[in-house]
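# Examination of the molecular architecture
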Amino acid sequence: MTPVLETIDLSRRFGGLTATDHVSFSLERGARHALIGPNGAGKTTFINLLTGALRPSGGQIRLAGEDVTRLAPDRRVKRGLSRTFQINQLFPEMTPLQALALAAAEARGTGAAWFSSIAADEPALARAAELLDRFGLAEFMDEPTSRLPYGRQRLLEIALSLAGHPEVLLLDEPAAGVPEEERADILKIVAALPEEVTILLIEHDMDLVFSFAERITVMVNGAIFAAGTPAEIEADRRVREVYLGEGGDE
Amino acid sequence: MSGEAKPSTLEAARASLMRSAALKPFEYLVWLPLPLLIFLFPSKAFLLNEIAILALFAVSLDLILGFAGIVSLGHAAFFGAGAYTAGILAANGFGAPLLGLAAGGAAAALLGFATSFFILRGSDLTRLMITLGLQLILLELANRFSGLTGGTDGLYGMTVDPIAGLFSFDLTGQTAWFYSLTVLFAAFLFARRLVHSPFGRSLKAVKGNRRRAAFLGIDTNRRLVAIYTVSAGLAGLAGVLLAQTTQFVSLDVLDFHRSAEVLLVLVIGGTGYLYGGIFGAVIFKLMQDWLSGMTPQYWQFWIGLLLVAIVLVGRERMTGGLGRLAAFLPGRPARRAAKAPAAGGEDAP
């Protein structure tokens, strides 16, 4: 079967620094895959290449078998590749309801309509309401996003990326910065993400990684260092040395 | 992924979205009395006409500034394009007002479309410089091709026909006022519908976080090109109105001060809710009229002082202060009074 997302020899250099070093990586449909690595290993650069936020210096990116290496981010989203951000990228003045309804309308292709009302767009409205319920945001639907508690903003970040029924979702450190007492909500949401969505998780939280992932890829210095099941990765002495070992925070 | 929303959430969501687009009471309070002003101040028809034109111009700028986050110091380029198009038509025997409106609006929109590609990238500062530069280019072109535009002498010899063959532009200025008000109203309805559409909301998303907007699948460049074109077209209509109601066009329509003035109007009235252009235009023109009556030479001193005060103190705090004052009046809950005005100027500079 064709991998749903695949990179071939993908590279990105910043001046003398090679942030992504000939990475060939593939993601099977429906996978629960985690990408880990020490700080500065190039995980975020890799995600930015996958989503089109950055242009690669070389190599190819294929989405469902088609070359998307040169496509703009919004085109890739339209083809089913969605992402969340390590640092929330939200719309501070909009309410969660407005943002979700817009995201849902956009995915349906009604987001550019000039003279219709978004309140009359039943499917978009239903999708927004469903996500508000599922993510525990219903009671905050009319609050400007900037006034939501941080944990709720984090949930909205994920909800927005799901609004368009993506095929592949890249979760960039979903639990980053979330206070301990709200962490459980995030873990629960991540665990309950729809099965048919292929997920690549980039995370530092090892509890989350090992409870979630069926496969783990370890990245070091921009290159793939090791890959395998959680048990294999845990048993790999080299991985323990560079990453999992004590003081492995780099 | 086939979860279903609770009916209560769905209903609340629908109601909330409908509410935010619904006509609010203050909107009736703005529009209903407007046509009557002429009967209250019959001698002020020309001032009222200027207010309507400036309001339309400001609303057009608000569409890009308040909704899409594009700053411009050269919006007069489109105002001028509209004015000259209508002026040249009327000076050459095509004096039908509606024809002038259509042609002037279209010419300005076309110019907006063609120049929109320059404002897609870059910071606010680059956009300020580029818009300012394009306007200067246009000004010098109008100056250079004086055979067509009249150059520094201005464009004389415009003959504007009666509207629909019935209402001629008279010396009292009444026809002009009703004409401009009607065009302002129609353009405003159009703009209002637009900003509450999914398209309009997506603009706010682009303004709020362009990066994330792209990751919702929004083609941000196309949206910005579209709104810039619309905004330019409406600015062109304002220019047409000035040309037709004064039956004269000079290089002044492309001057820098006109771009600065309309920005000032939005600073006074607030951006991002459309009515800021109208409120700002009323306040600005009334102050200009009143101050220039008192001190013909130095009225800009007071406008300048107001501008500095608004930017330093912030409109929210000024209106908030008014709200706190109002709280001392009997029978008015303090919090509501303080909150109401702030709802208007959500993007106070």
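Residues numbered from 1 in each chain as written. Chains lettered and ligands numbered in written order. Predicted model: local features only at pLDDT ≥ 70, side-chain atom pairs only at ≥ 80, totals over all residues. Heavy atoms only, no water.

## A closer look at the overall build of chain A
What chain A contains, in helices and strands, is 9 helices and 10 strands. Rg of the C-alpha trace for chain A: 18 Å, near the compact-globule value of 18 Å for 250 residues, within the 12% margin. With respect to the principal axes defined by its C-alpha atoms, chain A has extents near 55 × 40 × 35 Å. For chain A, buried positions account for 56% of its 250 residues. Long-range contacts, defined here as pairs at least 24 residues apart, represent 65% of the contacts in chain A between residues at least 6 apart. With an accessible surface of roughly 10200 Å², chain A has 49% of that area assigned to carbon and sulfur atoms. Taking the average place of the 25 positive charges on the side chains of chain A and the average place of its 37 negative ones, the gap between the two points comes to 6 Å. (Helix = DSSP H or I, 4+ residues; strand = E, 2+ residues; numbered from the N terminus. Rg over C-alpha atoms; globule rule 2.2 N^0.38 Å. Buried < 20%, exposed > 50% of the residue type's maximum accessible area, 1.4 Å probe, protein only. Contact = heavy atoms within 4.5 Å. Areas by Shrake-Rupley, 256 points an atom, 1.4 Å probe, with all protein chains shown as cover. Lys, Arg positive; Asp, Glu negative; His and termini not counted. Charge placed at Lys NZ, Arg CZ, Asp CG, Glu CD.)

## With respect to the packing of helix α3 (residues 96-108) of chain A against helix α4 (residues 122-134) of chain A
All names here are of chain A. Relative orientation of the contacting elements α3 and α4 amounts to 130°, with a least axis distance of 8 Å. By the angle between their axes, α3 is oblique relative to α4. The chirality of how α3 crosses α4 is right-handed. Across from Pro96, Leu97, Leu100, Ala101, Ala104, Ala105 and Arg108 in α3, the residues of α4 making contact are Pro123, Ala124, Arg127, Ala128, Leu131 and Leu132. (Axes fitted to C-alpha atoms, helices over the stretch in contact; angles between N-to-C directions. Parallel < 35°, antiparallel > 145°, perpendicular 65-115°, else oblique. Left-handed = near helix turned anticlockwise from the far one by under 90°.)

## Side note on the sheet that holds strand β10 (residues 223-228) of chain A
All names here are of chain A. Strand order across the open sheet formed by 6 strands is β6-β7-β8-β3-β9-β10, with mixed pairing between neighbours. Two strands bound the open sheet, and with one partner strand each, they are β6 (81-83) and β10. Put simply, the sheet's adjacent strands are angled 20° from each other on average, direction ignored. Note: strand β3 (residues 32-36) against strand β8 (residues 198-202), 4 bridges, orientation parallel. Its bridge partner being in β8, alanine 34 is matched across the sheet by leucine 201. Sitting on the sheet, helix α1 (residues 43-51) is in contact with β3, β6, β7 (168-172), β8 and β9 (215-220), with an inclination near 140° to β6. (Pairing = 2+ DSSP bridges.)

## Section: helix α6 (residues 180-191) of chain A
Residue and element names in this part refer to chain A. The terminal C-alpha atoms of α6, which comprises 12 residues, lie 17 Å apart, in line with the 16 Å expected from a rise of 1.5 Å per residue. The set of residues buried in α6 consists of Glu182, Arg183, Ile186, Ile189 and Val190. Around the axis of α6, the buried residues are gathered within 125° of arc, so they sit on the same side. Facing away from the buried surface of α6 by more than 90 degrees, the exposed residues are Glu181, Lys188 and Ala191. (Expected span 1.5 Å × (residues − 1). Arc of directions from axis to C-beta.)

## A look at α4 of chain A
The end-to-end C-alpha distance of α4 of chain A is 18 Å, a good match for the 18 Å that 13 residues give at a rise of 1.5 Å each. Considered for burial, the residues of α4 of chain A that qualify are Ala124, Leu125, Arg127, Ala128, Ala129, Glu130, Leu131, Leu132 and Asp133 of chain A. Elements in contact with the buried residues of α4 of chain A: α3 and α5 (150-162) of chain A together with α1 (7-21) of chain B. Remark: glycine 136 of chain A follows α4 of chain A within two positions and exhibits a positive phi of approximately 65°.

## Quick notes on the interface of chain A and chain B
Taken together, the contacts link 52 residues of chain A with 42 residues of chain B. Contact between chain A and chain B buries roughly 4100 Å² in total, counting both sides, with carbon and sulfur atoms accounting for 63%. When residues of chain A are sorted by the area they lose upon contact with chain B, Phe91, Trp114 and Phe115 of chain A head the list and together hold 16% of the total. For glutamate 122 of chain A, the salt bridge goes to arginine 14 of chain B, with nearest N and O atoms at 2.1 Å. Inspection of the chain A/chain B interface yields 15 residue pairs in polar contact (both at pLDDT 80 or more). Counting only elements with at least two residues in the side of chain A that touches chain B, the list comes to α1, α2 (73-78), α3, α4 and α5 of chain A. When residues of the side of chain A that touches chain B are assigned to their parent elements, the largest contribution, 9 residues, is made by α4 of chain A. (Buried area = accessible area lost by both parts, 1.4 Å probe. Salt bridge = Lys/Arg side-chain N within 4 Å of Asp/Glu carboxyl O. Polar contact = N/O pair within 3.5 Å; in protein donor to acceptor, adjacent residues only side chain to side chain.)

## Details of the packing of aromatic side chains
What the rule picks out here adds up to 18 aromatic pairs over all chains. Ring centres of tryptophan 114 of chain A and phenylalanine 115 of chain A lie 6.2 Å apart, and the angle between their planes is 70°; on these two criteria the pair is classed as edge-to-face. Looking at tryptophan 114 of chain A, the relative accessible area reads 29%, which means it is partly exposed. Between the aromatic rings of phenylalanine 188 of chain B and tyrosine 275 of chain B, the centroid separation amounts to 4.6 Å while the plane-to-plane angle is 55°, which identifies the pairing as tilted. Taken as a pair, phenylalanine 188 of chain B in helix α9 (residues 174-196) and tyrosine 275 of chain B in helix α14 (residues 275-294) lie far apart in primary sequence, 87 residues in all. We classify phenylalanine 188 of chain B as buried; its relative accessible area is 1%. These aromatic residues form a ring-pair network of at least three members: Phe26, Trp31, Phe185, Phe188, Tyr273, Tyr275 and Phe279 of chain B. We note arginine 83 of chain A situated over the ring of phenylalanine 215 of chain B; from NZ or CZ to the ring centre the distance is 5.4 Å. Over the ring of phenylalanine 145 of chain B we find arginine 144 of chain B; its NZ or CZ atom is 5.3 Å from the centre of that ring. (Phe/Tyr/Trp six-rings, centres within 6.5 Å; stacked < 30°, edge-to-face > 60°. Lys NZ or Arg CZ within 6 Å of the ring centre and 35° of its normal.)

## Observations concerning the sheet that holds strand β5 (residues 66-67) of chain A
Residue and element names in this part refer to chain A. A sheet is described by the order of its strands in space; here 4 strands give the open sequence β2-β1-β4-β5, paired in antiparallel fashion. The sheet is open, and its two borders are formed by β2 (17-27) and β5, each paired with just one other strand. Where strand β1 (residues 5-14) lies against β2, 7 bridges are found, and the strand directions are antiparallel. Across the sheet, leucine 10 pairs through a bridge with valine 23, a residue of β2. Of the strands in this sheet, β1, β2 and β4 (58-63) touch α1, which is tilted by about 120° from β1.

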